Amino acid sequence: MDDSYQNNINQQGTEGGEYTYTQEGGGQDGYPYQADYPPQEEEDAASDATEGHDEGEEMYEGEYQGIPHPDEIKEARRAARMEARRKARQAAQQQEEEDDLPEQYESIMEECGHGRFQWMLFVVLGLSLMADGVDSFVVGFVLPSAEKDMCITNADKGMLGLLVYVAMMAGALVWGGLCDKMGRRKCLIYVLTIDLVFSFLSCFAQGYGFFLFFRFCSGFGIGGSIPIVYTYFTEFLQMDKRGEHLSWLCMFWMLGGLYASFCAWGIIPHYGWGFAIGTEFQIHSWRVFIMVCIFPALAALIGVIFMPESPRFLLENARHDEAWMVLRQVHDTNWKAKGEPERVFTVCNIKTPQTQEDEFIEIQSDTGTAFQRWTVRHMTMLQQVMANIMSLSAPELRLQGLFLVIVWFCLAFSYHGLGVWFPDMIKYMQYEEYEAKVRVFHRERVEHFHFNFSLINQIHREGEYINDKFAEIEIKSVKFEDSLFENCYFEDVKSTNTFFEKCTIKNTVFYNTDLWEEKFKDCRMENVTFLHPKKGCHLNFQEENDIVIYMVSFLGSLAVLPGNIISALFMDKIGRIRIIGGSMLASSACTFLLLLSFSQGAVICWQCLFYGVSVAAWNGLEVISVELYPSAKRGTAFGILNGICKFATIIASFIFSAFIGITKIIPIFLAFSALVCGGLLALRLPETREKVLS
């Protein structure tokens, strides 16, 4: 009897084609086999091909050709997508935190308030700015005395002024970049220390080479103070206080000019104020003046040591706990001074992202030797500074950065160019007036005469001096041309700007005088004796230190006071852009008044007017420069802009001084063009009056 279940199986297999009938016991366990298994021949071939290999050791045949397995490709793609999504989420979170930081920081500064802490920092940073102003005037004031004391030629004198400004330009670029990575406070301490040390050493430099080197190093140090000071102070101010208080801070640069002018006026002309250290070091009054000029930098350095680091810098570098402590110090100091010491600092958490650069430095700080860690840190810092500089050319910063560079250059070119032109023009007018009073003696014959009075501003042509005596007199601005000196005697004679040209000198004795070989040009000498000559350079303070120049600098610095006050009061009311543009255009109109400068008094008057009007543009430009850039790039950008300012000063000093005594029109036209161009372009800058620091 047939099994009905077995017949059903046969029928299902023939109809569907999926299963086949199996004989009883056909499988090991009695289960049916599937019909889609490979035929027996293919199994045998596969068995022969893989004989001696385990199933787990089978290899993908494309692996011999370097072709990845499809499963590996899928896995790699899946991992790449997951990593991309993770990075996108991390970047979005970081961007969100970075976007929140400016608003959060502004609200924190509002909670901290504006009070005693900001005013203490204002004075300390103001002294740093004052030290920069003093150094800008020092070289110009000491040069007339230093060139006599150290026998500086005209070429070397020009080199000294040039290198000091080159050093300031380099200092602005270097320290501006470093303060974004090392910290505002730390860099300012370095800057002031370098300036103090090398300024002090320059007081004792007896040779021109050492003096030049010390002044260069001092300029490199103090040149970085301006970008650091403005960046540092900005980050302790809330939005509605920035414009006004940064403008008040600008006044300290003016105070530096007043301090330097007043000290030069009171110290340098007094030769008796000098002293000697042994026989090697002669400290004349101009060196005492340099020593007095380091006091603002010394006071600033002492003050900065007791100030905290900028909390905004600490937050940007993921140093949250330190930033919180500084902000709490600001809060408690201000509210305690206002009579509310019980007010509590309510900020508990500040969100700030940690950058990959910070993580890299933290990892490297625990590896390798001390020298390797030092090398890694400083090389990484250098790379970060260079990357910061390159990031200023980003599309969102490129156009406004270009406008700022042009405005800075135009204002510095005209301001500092005319700053060189004013005192040089006054000196030239004095020289013309002096030359107009010269007395000319032609073919005079003097015999057996005792000259016991000074000879001043004279020209003697084809004269004859026989058996004459010149004793204990001063010969100033005197020229002897084609003259004869025979059997004459010179004793204890002091000379200034005095020369003998194409003269014949016979049987003459020079005893204890400063008339030596370089004073005689193309002269014929017969039996001439020089006893105890005073070789070298000698100071003559009555001649070289005209107090009019000190007075001009003093009045020019004082003239900016009204402009400083007006710009500070209206900076937050009418905006930075209108202040800059209006001041530069008004200054350009003032330059035309210089065409009416026919006397020293007129030059001084128009100088004061120009300085008073143009200072507002400087204040507005410095305020907007720190507000336009984000905190991580603020010092770097300001350093570059200040370096551009020094570069424009160097170019302007050469161009404007070249036209002294030739024409007034070209310097005035150049100053006018630069101010108009910069003023119109400044109106295209974005207004930052209500901008939160990014």
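Residues numbered from 1 in each chain as written. Predicted model: local features only at pLDDT ≥ 70, side-chain atom pairs only at ≥ 80, totals over all residues. Heavy atoms only, no water.

*Asks:* Explain the packing of aromatic side chains to me, please; I cannot follow it from the model alone.
*Replies:* In this description, a pair of aromatic rings is defined by centroid distance and the angle of the planes. For the structure on display, the rule yields 48 aromatic pairs. On the numbers, 6.3 Å between centres and 50° between planes, the contact of tryptophan 175 with tyrosine 190 is tilted. Placement of tryptophan 175 in helix 5 (residues 154–182) and of tyrosine 190 in helix 6 (residues 184–202) is noted, with a sequence separation of 15 residues between them. For tyrosine 190, a relative accessible area of 38% translates into the label partly exposed. (Phe/Tyr/Trp six-rings, centres within 6.5 Å; stacked < 30°, edge-to-face > 60°. Helix = DSSP H or I, 4+ residues; strand = E, 2+ residues; numbered from the N terminus. Buried < 20%, exposed > 50% of the residue type's maximum accessible area, 1.4 Å probe, protein only.)

*Asks:* What is the right way to read the sheet that holds strand 5 (residues 450–451) from this model?
*Replies:* Strands belonging to one sheet form pairs held by backbone hydrogen bonds; the direction of such a pair is parallel or antiparallel. Ordered by their spatial adjacency, 5 strands build an open sheet running 5-8-11-15-18, and the pairing between neighbours is parallel. Because the sheet does not close on itself, it has two edges, and the strands there are strand 5 and strand 18 (529–531). As judged from the 3 bridges shared by strand 8 (residues 469–471) and strand 11 (residues 489–491), these two strands associate in the parallel manner. Across the sheet, the residue bridging to alanine 471 is glutamate 491, located in strand 11. (Pairing = 2+ DSSP bridges.)

*Asks:* Sorry if this is basic, but what is going on with the pairing of strand 9 (residues 474–481) here?
*Replies:* The two faces of a sheet get side chains in turn, since along a regular strand they alternate between them. A large share of strand 9 lies buried, amounting to 6 of its 8 residues. The pairing of strand 9 with strand 12 (residues 494–496) spans 3 bridges and is classified as parallel. Opposite isoleucine 475, over in strand 12, you have serine 495 as the bridge partner. Of the pairings in the sheet, the one linking strand 9 to strand 13 (residues 499–501) comprises 3 bridges and is parallel in character. If you follow glutamate 481 over to strand 13, its bridge partner there is glutamate 501.

*Asks:* Help me out: how do you make sense of unusual backbone geometry in this one?
*Replies:* As a rule of thumb, non-glycine residues mostly have phi less than zero, and peptide bonds are mostly trans rather than cis. One non-glycine residue, asparagine 527, lies in positive phi territory at about 55°. Within the secondary structure, asparagine 527 is located in the loop between strand 17 (524–526) and strand 18. In this structure, histidine 532 is a non-glycine residue whose phi angle is positive, near 50°. Mapped onto the secondary structure, histidine 532 falls in the loop between strand 18 and helix 17 (541–544). What makes histidine 532 exposed here is its relative accessible area of 55%.

*Asks:* Before we go on, may I ask you to explain the confidence of the model for the chain in this structure?
*Replies:* Close reading of the predicted structure is inappropriate where its pLDDT is low. Chain-level statistics for the chain give a pLDDT mean of 80 and a share of 81% at 70 or above. Note that pLDDT drops below 50 for residues 1–57; the model gives that stretch 18 contacts with residues more than four away or on any other chain. Within the model, pLDDT remains below 50 along residues 359–363, and this stretch shows 7 contacts once partners closer than five positions in the same chain are excluded. (pLDDT = per-residue confidence, 0-100. Contact = heavy atoms within 4.5 Å.)

*Asks:* Would you take a moment to explain the nonpolar core for this structure?
*Replies:* The tendency in soluble globular proteins is for nonpolar side chains to be buried side by side. In this structure, Tyr230, Leu249, Phe289 and Leu404 are the most contacted members of the largest nonpolar core, which totals 146 residues. Ile473, Phe480, Phe500 and Leu515 belong to the second-largest nonpolar core, a separate cluster that totals 19 residues. (Core = buried A, V, L, I, M, F, W, Y, C linked by side-chain atoms within 4.5 Å.)

*Asks:* Just to check I follow, could you spell out the environment of glutamate 474 for this structure?
*Replies:* Relative to the elements of secondary structure, glutamate 474 occurs in strand 9. With 21 residues separating them along the chain, glutamate 474 and serine 495 place their C-alpha atoms 5.7 Å apart.

*Asks:* Sorry, what's going on with the sheet that holds strand 10 (residues 484–486) here?
*Replies:* Read across the sheet, 5 strands follow the order 4-7-10-14-17 without closing on themselves; strand pairing throughout is parallel. Among the strands making up the open sheet, the edge pair consists of strand 4 (445–447) and strand 17. Strand-to-strand, the axes of this sheet are offset by a mean angle of 5°, without reference to chain direction. Where strand 7 (residues 464–466) lies against strand 10, 3 bridges are found, and the strand directions are parallel. What sits directly across from isoleucine 466, in strand 10, is glutamate 486. (Axes fitted to C-alpha atoms, helices over the stretch in contact; angles between N-to-C directions.)

*Asks:* How do you make sense of a nonpolar patch on the surface when you look at a structure like this?
*Replies:* Nonpolar side chains collect at one region of the surface, where Phe295, Leu298, Ile302, Ile305 and Phe306 lie side by side and expose about 510 Å² of accessible area between them. With respect to the element layout, leucine 298 can be found in helix 11 (residues 295–305). For leucine 298, a relative accessible area of 38% gives the class partly exposed. (Patch = residues over 30% accessible without salt bridge, like charges linked within 9 Å, V, L, I, M, F, W, Y side chains within 5 Å. Areas by Shrake-Rupley, 256 points an atom, 1.4 Å probe, with all protein chains shown as cover. Salt bridge = Lys/Arg side-chain N within 4 Å of Asp/Glu carboxyl O.)

*Asks:* In this structure, what is going on with the pattern of salt bridges? I would like to understand it.
*Replies:* Pairing is possible between side chains of opposite charge, provided their charged atoms come close. The full count for this structure, using the stated rule, is 17 salt bridges. When the shortest N-O distance is used, the salt bridge between glutamate 447 and arginine 445 registers 2.6 Å. Using a relative accessible area of 38% as the deciding quantity, one classes glutamate 447 as partly exposed. Members of the salt-bridge network, linked through shared partners, are Asp180, Arg184, Glu235 and Arg634.

*Asks:* How should the packing of helix 15 (residues 370–391) against helix 22 (residues 631–658) be read in this particular structure?
*Replies:* Two quantities define a packed helix pair, namely the angle between the axes and the distance from one axis to the other. With their axes 10 Å apart at the nearest point, helix 15 and helix 22 run at an angle of 75° to one another. With respect to their mutual orientation, helix 15 and helix 22 come out roughly perpendicular. Across from Asn388, Ile389 and Ser391 in helix 15, the residues of helix 22 making contact are Ala632, Lys633, Thr636 and Ile640. Its residues assigned to classes, the contact of helix 15 with helix 22 comprises 3 nonpolar, 3 polar and 1 charged. (Parallel < 35°, antiparallel > 145°, perpendicular 65-115°, else oblique. Nonpolar A, V, L, I, M, F, W, Y, C, P; charged D, E, K, R; others polar.)

*Asks:* Quick question: what am I supposed to make of the environment of serine 657 here?
*Replies:* In this structure, serine 657 sits in helix 22. You can call serine 657 partly exposed: its relative accessible area is 32%. For the pair serine 657 and glycine 417, spaced 240 residues apart in sequence, the C-alpha separation works out to 8.2 Å. Setting aside residues up to four positions removed in sequence, serine 657 forms contacts with Val420, Asp424 and Ala652. Looking at serine 657, its side chain comes within polar contact range of the main-chain oxygen of phenylalanine 654, at 3.3 Å. (Polar contact = N/O pair within 3.5 Å; in protein donor to acceptor, adjacent residues only side chain to side chain.)

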